[in-house]
Amino acid sequence: MLNIGDDAPDFSVLDHTGKEVSLGDYQGKVVVMWFYPRASTGGWTAEGLGFQARIQDYDSKNAQILGVSTDDVEANAKFATEQGFTYPLLCDTKREICLAYGACATAEDGAAKRITYVIGADGKIAQVHADVAAREHPETLLPTL
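Since the structure is predicted, the reported quantities are computational estimates derived from the model, not experimental observations.

Asks: What's the story with the pairing of strand S3 (residues 30-35) in this structure? I'm lost.
Replies: Sheet faces and side chains relate simply in a regular strand, where the side chains alternate between the two faces. Of all 6 residues that make up S3, 6 are buried, and the element is covered over most of its length. Burial of the side chains of S3 extends over both faces: Val30, Val32 and Trp34 are buried on one face and Val31, Met33 and Phe35 on the other. In terms of strand pairing, S3 meets strand S4 (residues 63-69) through 6 bridges, oriented parallel. Pairing of Phe35 across the sheet is with Val68, part of S4. Pairing analysis gives 4 bridges linking S3 to strand S6 (residues 115-119), with the strands arranged antiparallel. Residue pairing in the sheet places Trp34 in a bridge with Thr116 of S6.

And the structure:
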């Protein structure tokens, strides 16, 4: 895992709409990057909905939500459509982001660990949250930004 103060590794992957996304796209913003093991599963759906329900509050803090999983575009697109997510779900099928951020130990890992990183507007890791409580996390994280 990365530590507070580390430079956040850049990346370039497709999101659930098929658009290429990189960390540099959000320069000057706070980025909340939450990793989830699989699209359309219980706890991770609750966490995603928690972020979506508070999207305006995160926006007011200049924060961009990014969900990251090892799922492909099709699985994440279905997840986003079914749940009404308006923020990008990143499709890290090659596990490049997961490996760089410690959400996967190896490229063969089947799924990402549940971790959230807050990346400051300066591009450095500002917060690290491991083993979060999926249902409460979006609400408890918000006041810390």
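Following the structure, the description resumes.
Asks: I would appreciate a short explanation of the packing of aromatic side chains in the present structure.
Replies: Working definition: an aromatic ring pair is given by the centre-to-centre distance plus the angle between the planes. Per the counting criterion, the structure on display carries 9 aromatic pairs. For the ring pair Tyr36 and Phe79, a centre distance of 5.7 Å and an interplane angle of 50 degrees mean the geometry is tilted. Placement of the pair is Tyr36 in the loop between S3 and helix H1 (42-53) and Phe79 in helix H3 (residues 73-83), with a sequence separation of 43 residues. Accessibility expressed as a relative area gives 0% for Tyr36, which makes it buried. Three or more aromatic residues joined by ring pairs make a cluster, and in this case those are Trp34, Tyr36, Phe51, Tyr58, Phe79, Phe85 and Tyr87.

Asks: I tried to follow the pattern of salt bridges on my own but got confused; where do I start?
Replies: Once the charged atoms of two side chains with opposite charge are near each other, the side chains can pair. The full count for this structure, using the stated rule, is 4 salt bridges. Residue Arg38 pairs with Asp71 through a salt bridge whose shortest N-O separation is 3.3 Å. On the criterion of sequence distance, the pair formed by Arg38 in the loop between S3 and H1 and Asp71 in the loop between S4 and H3 is long-range, its members being 33 residues apart. On the basis of relative accessibility, which here comes to 9%, the residue Asp71 falls in the buried class. Residues Lys78 and Glu82 are paired through a salt bridge, measuring 3.9 Å at the closest nitrogen-oxygen approach. Separated by 4 residues within a single helix, Lys78 and Glu82 lie in helix H3, roughly one turn from each other.

Asks: Help me understand the state of the cysteines, please; the structure alone is not making it clear to me.
Replies: Covalently bonding the sulfur atom of one cysteine to the sulfur atom of another cysteine gives a disulfide. On inspection of all chains with the given rule, the structure shows 0 disulfides. Residue Cys91 stays outside any disulfide, its sulfur separated by 11 Å from that of Cys98, the closest cysteine. A residue is classified by how much of its surface remains accessible, and Cys91, at 6% relative accessible area, is buried.

Asks: It is not clear to me how H3 should be interpreted in this structure. Could you clarify?
Replies: Side chains that are three or four residues apart share a direction in an α-helix, a result of its 3.6 residues per turn. Residues of H3 that are buried include every one of Asn76, Phe79 and Ala80, and no others. Each buried residue of H3 lies within a common arc of 95 degrees when the element is viewed along its axis, so the set occupies one face. Among the exposed residues of H3, those oriented more than 90 degrees off its buried face are Glu74, Lys78 and Thr81. Its side-chain oxygen placed 3.3 Å from the backbone nitrogen of Glu74, Asp72 serves as the N-cap of H3. Two residues or fewer after H3 comes Gly84, characterised by a positive phi angle close to 75 degrees.

Rules used in this analysis
Residues numbered from 1 in each chain as written. Predicted model: local features only at pLDDT ≥ 70, side-chain atom pairs only at ≥ 80, totals over all residues. Heavy atoms only, no water. Buried < 20%, exposed > 50% of the residue type's maximum accessible area, 1.4 Å probe, protein only. Helix = DSSP H or I, 4+ residues; strand = E, 2+ residues; numbered from the N terminus. Pairing = 2+ DSSP bridges. Phe/Tyr/Trp six-rings, centres within 6.5 Å; stacked < 30°, edge-to-face > 60°. Salt bridge = Lys/Arg side-chain N within 4 Å of Asp/Glu carboxyl O. Disulfide = S-S within 2.5 Å. Arc of directions from axis to C-beta. Polar contact = N/O pair within 3.5 Å; in protein donor to acceptor, adjacent residues only side chain to side chain.

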